[in-house]
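Read off the chains here:
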Amino acid sequence: MRRMARIAAILAFLAGSLGAARAETLIAAMSSHQILITSNYTGSQLTVFGVVERDGRTVARGDPYDIVVTARGPRRMLLVREKERVGPIWINKTQRRFPDSSLFLTVASNRPLSEIVSPETARRERVGLENAHRTRDAALDLDTTTARFSDGLQRILLEKGLYSARERGVTFLSSTVFSAPIEVPATAPTGSYEIEIVLYAGGVPLARQTTNFEVVKSGMEQRLASAAHDLPVVYGLVTVLMALLLGWLASVVFRRD
Amino acid sequence: MQIYLPIAELPISILTVLGLSGAVGFVSGLFGVGGGFLLTPLLIFLDIPPAVAVATVAAQVAGSSTTGVLTYWRRRALDLKLGTILVAGGILGTVLGVLFFNSMRRLGQLELVITLSYVTLFTIIGGLMLYDALRAMLRVRAGKPARLKRQAGTHPWWMGLPLRMRFPDSQLYCSVIPIATLAIVIGFIGAVLGVGGGFILVPALIYFFRIPTAIVVGTSLFQILVTMTGATLLHALTNQSVDIVLAILLLLGGVIGAQFGGRAARNLNVESFRLLLALLILSVGLRFAIEPFIPPGEPFSVVISEGTR
């Protein structure tokens, strides 16, 4: 119920701001800016709401509006390794580094990306999953080994549910108001996430807006994880003592002699 | 019902973990082994990162061996002197093992090292145990005593090495060198694979040093208890990969399963028992043996670089 009320409030705010518009701009808000991991956490969902502002002076467009919402997770250095055959066995041999790669990436749009933007624009603007790991330097993209590793990385993360592309992930509630649910799986790492919302018409980006949210451990989970890192001696001793205590308890409870 | 594991960073079904650790606990109670060698691969199969699985199982093995140590201690079937030497060597081996574990993880070959070690260890030990169990069974059939008695004045050469010591509880007079070497090797293997090493130590003490079986099990449990306690602490200190929530779940399932396993053991014939254990170890080894030889479905794997975390 609280969530519904919150969504209604956001929509009311968006509707109110419509009147004050001067030119074609994008306004976006989120249902929440924080996902708390508790002991029963199994993933979460956020919703991005937005409105395309336009007034009398805004040029009439023949093409409908398109929205692409890209959510990116914490960036880390990723190592991608490839198994190769050495004699009779398969072992990890070659590896490629992908510095500053997002561990989570989801691209939602109101229709397939190929219908919204041309492949060239998509590449230049880094729109879509396949362009996420591309460098701006076109020469590097021609390196087939890097491309193979990049494809492998994308495939693995897609399979783990950390990467996703949803061609109907954005819904227009009216011709100018839209919403896009963002699914955050339980395996998504903790950290800060950024969301970029881009308005397109006729394959041209017209306006963009960014916002963010964070995934944090809370309560017991947060205390345990930080204890493991900040007080490893205490954490280790507590774990060991607990293990010994449970072992002793079992021998007392089940003692038969 | 799902619970979020704070260190492994994923939610897991409580019932699945309790069921698994209960089943492994049953097997461990039945055969008097730690059961880590079954639990670690099962946890990895459940998507728990190998580093977390190995480190957390160490805590579980420490807890479940406590129960056994207390039982044998009450029966006075525990050679503290022999145990202390095994522990000293075991701690040294554990330190070396944790260092090796961390360096292999950095090199990206941890998975291969774990797989290959399982293969070699399990096929060799499982094979030897199977051979021995079959031979003992045949002896029983033929109406001879199942085990050869220790004969006075006959000692294998390694027992005659320098630094000889007397172990009255184990009825042993033997050089410290081979005992310490064995302990170092087992501590090393335990830290790398997250196994207690009981399934190596028990047959080794029986066959190489001819110590009475009752003393061997109690003493080996004591050595496992101390080395796995050390391994848990070292893993917690060096790579922060011990998951306390997972450890609690594993312990709960493990200790309860072990009690039922221990009871079931009393109703089983000893020889068919050893045969079963040999087959179990051998089949785990063979399961791992196949893996590196089949072309992988997905040749690529992704890890997060340690430096940036």
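Quick notes on the rules
- Residues numbered from 1 in each chain as written.
- Chains lettered and ligands numbered in written order.
- Predicted model: local features only at pLDDT ≥ 70, side-chain atom pairs only at ≥ 80, totals over all residues.
- Heavy atoms only, no water.
- Phe/Tyr/Trp six-rings, centres within 6.5 Å; stacked < 30°, edge-to-face > 60°.
- Helix = DSSP H or I, 4+ residues; strand = E, 2+ residues; numbered from the N terminus.
- Buried < 20%, exposed > 50% of the residue type's maximum accessible area, 1.4 Å probe, protein only.
- Lys NZ or Arg CZ within 6 Å of the ring centre and 35° of its normal.
- Pairing = 2+ DSSP bridges.
- Axes fitted to C-alpha atoms, helices over the stretch in contact; angles between N-to-C directions.
- Salt bridge = Lys/Arg side-chain N within 4 Å of Asp/Glu carboxyl O.

## Quick word on the packing of aromatic side chains
Scanning the model with the defined rule gives six aromatic pairs over all chains in all. Seen in terms of ring centroids, Phe149(A) and Phe300(B) are 5.0 Å apart; in terms of plane orientation they differ by 75°. Their pairing is edge-to-face. Here Phe300(B) lies in strand β5 (residues 300–304) and Phe149(A) lies in helix α5 (residues 144–159), a pairing that spans two chains. We classify Phe149(A) as buried; its relative accessible area is 0%. Here the aromatic cluster, defined as three or more aromatic residues joined through ring pairs, consists of Phe104(A), Tyr193(A) and Phe213(A). We note Arg96(A) situated over the ring of Phe149(A); from NZ or CZ to the ring centre the distance is 5.5 Å.

## Things to note about the sheet that holds strand β5 (residues 75–86) of chain A
Whether parallel or antiparallel, the strands of a sheet pair through hydrogen bonds between backbone atoms. Pairing is antiparallel across the open sheet formed by three strands, whose spatial order is β6(A)-β5(A)-β5(B). Across the chains shown, the open sheet's two edge strands, defined by having one partner strand only, are β6 (89–102) of chain A together with β5 of chain B. Going from strand to strand, the sheet's axes swing by 25° on average, the running direction of each strand aside. As paired strands, β5(A) and β5(B) are joined by five bridges and run antiparallel to one another. Bridged to Val80(A) within β5(B) is Val302(B).

## Let's talk about the pattern of salt bridges
All names here are of chain A. All told, the structure shown has five salt bridges over all chains when counted by the stated rule. Linking Arg 111 and Glu 115 is a salt bridge whose minimum nitrogen-to-oxygen distance equals 3.7 Å. Take Arg 111: its relative accessible area is 25%, and that puts it in the partly exposed class. Ionic pairing is found between Arg 208 and Glu 196, a salt bridge with its closest N-O pair at 3.0 Å. Here the residue Arg 208 occupies a position in strand β12 (residues 204–217), and Glu 196 occupies one in strand β11 (residues 191–201), the gap between them amounting to twelve residues. Because the salt bridges share partners, they merge into one network encompassing Asp 66, Arg 111 and Glu 115.

These values are about where atoms sit, not about what they do.
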